[in-house]
Amino acid sequence: MKTFSYVNATNEKEAVAALSPSTRDGHGDALAAARSGHQPSKVPIAGGMDLLGLMKDYIVSPDRVVSIKGLDQTIASGDGGLRIGAAVKIADLAEHAAARKMYPALVTAAEGVGTPQIRNMGTVGGNIMQRPRCWYFRNEEFNCLKKGGSRCFAVDGENQFHAIFGDGPCHIVHPSSLAVPVIAYGGRFRVAGPNGAREIDAGEFFQMPNANLYGENVLQPNEIVTHVILPAPGQRSASYEVRFKQSHDWPLAAASVNLVMSGSTVKSARIVMGAVAPIPWRVQAAERMLAGKTITEGVATDVANAAVAGARPMTGNQYKIQIARTAVKRAVLAAGRA
Ligand SMILES: Cc1cc2nc3c(=O)[nH]c(=O)nc-3n(C[C@H](O)[C@H](O)[C@H](O)COP(=O)(O)OP(=O)(O)OC[C@H]3O[C@@H](n4cnc5c(N)ncnc54)[C@H](O)[C@@H]3O)c2cc1C
Ligand code: SF4
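Read on for a plain summary of the structure. Nothing here was measured: the structure is a model prediction, and the numbers come from that model.

### A word on the site of ligand 2
Every one of the 13 residues lining ligand 2 counts as a neighbour, but Cys134, Cys144, Cys152, Cys170 and His171 are closest to it. Grouping the constituent residues of the shell around ligand 2 by class yields 10 nonpolar, 2 polar and 1 charged.

Here it is in structure tokens:
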């Protein structure tokens, strides 16, 4: 691992200052670095579950690591919803009484992350911001498109866990299990940067590779996520994840469903799929099919078919279409029973 300096930021102001380019770096250093495909020289660390692996493998080699463990670690009520600090541990989110009652789709996703050890170290902000799992990206020997190279090795290579939506040019799937239900619930991210704080709709936060090849979201290198803000949920919601033999690995496909009900009829729905595209994949055509319906096995099947209708698998991941279809169907049925 490359030698680096360490700054322990005790609040968001200190964190942003420590992540911002100094005069010595030259103006706009961090932004220019990201745009040119090189990693920024200053990076935040929360639980370190992802970042330390990236550093040990020389995928990220910062000069300065800024600890943001001191950010808000509370979950507070407000405006009918919850405000979750970025430094909240995934395990604490999974066990939070109000979160369990109000946001079962999010808690199911939190409970499914990795192992108890990972959930006890990993934070909500770090989970949202974790980098892709593509094995070519994670291997320093492969200078792929995302690292400034000229080709995507997954296209002709091992792509069984890659995207079935999105059409490239990079075919990662977004790794965050929590981002999927956050979007289904219509959540927002509060972000702090040198010009103050702003809130970003979670559905607008993640970016496709054709908009941002070197990163996965709109965050600038000197900005941090400080909170996840969830509005009041619909009356019924659920997530369903399919994993390889129920291992601790990331899901092969996932779906979160959030339903606003009028009696036993769906008034409006949000359906988001995970692990199928470079961003959490919202399927509005499928959502519209649920409006005005009572949830039955047949309705759930039709909605699930609609959700995967536009899938374009790669050479080795055709099987993911059926898995994604199943995830959507079971999430819809589970929400219907909730
Ligand atoms: C075996 C294994 C299985 C796993 N399974 C799953 C799974 O099923 N689902 C899933 O979603 N995840 C899974 N994970 C990933 C794990 O959840 C993440 O690595 C962890 O949540 C990252 O959180 P952290 O606090 O440790 O982040 P860190 O490692 O500290 O940071 C991760 C990245 O985010 C940046 N960052 C951290 N916090 C912020 C912030 N507040 N604002 C801006 N940038 C920030 C860091 O610079 C870094 O690039 C698994 C991990 C392992 C090792
Ligand atoms: S999918 Fe993306 S990260 Fe993986 S090899 Fe292709 S360009 Fe690189």
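That covers the picture; the talk isn't over yet.
### Considering the packing of aromatic side chains
The tally for this structure, following the rule as stated, stands at 9 aromatic pairs. Judged by centre distance (5.2 Å) and plane angle (25 degrees), the ring pair of Phe165 and Trp281 falls under stacked. Taken as a pair, Phe165 in the loop between helix H8 (124–129) and helix H9 (179–184) and Trp281 in strand E12 (residues 281–282) lie far apart in primary sequence, 116 residues in all. Among the aromatic residues, ring-to-ring pairing joins Tyr136, Phe142 and Phe153 into one connected group.

### With respect to the side chain of Glu287
On the secondary structure map, Glu287 appears in helix H11 (residues 284–290). Once residues lying within four places of it in the same chain are set aside, the contact partners of Glu287 are Ala269, Arg270, Ile271 and Arg282.

### Regarding a nonpolar patch on the surface
A surface patch of nonpolar side chains, amounting to about 360 Å² of accessible area, comprises Met1, Phe4, Tyr6 and Leu52. With respect to the element layout, Met1 can be found in the segment before strand E1 (5–8). Looking at Met1, the relative accessible area reads 41%, which means it is partly exposed.

The rules behind these values
Residues numbered from 1 in each chain as written. Chains lettered and ligands numbered in written order. Predicted model: local features only at pLDDT ≥ 70, side-chain atom pairs only at ≥ 80, totals over all residues. Heavy atoms only, no water. Near = heavy atom within 4 Å. Nonpolar A, V, L, I, M, F, W, Y, C, P; charged D, E, K, R; others polar. Phe/Tyr/Trp six-rings, centres within 6.5 Å; stacked < 30°, edge-to-face > 60°. Helix = DSSP H or I, 4+ residues; strand = E, 2+ residues; numbered from the N terminus. Contact = heavy atoms within 4.5 Å. Patch = residues over 30% accessible without salt bridge, like charges linked within 9 Å, V, L, I, M, F, W, Y side chains within 5 Å. Areas by Shrake-Rupley, 256 points an atom, 1.4 Å probe, with all protein chains shown as cover. Salt bridge = Lys/Arg side-chain N within 4 Å of Asp/Glu carboxyl O. Buried < 20%, exposed > 50% of the residue type's maximum accessible area, 1.4 Å probe, protein only.

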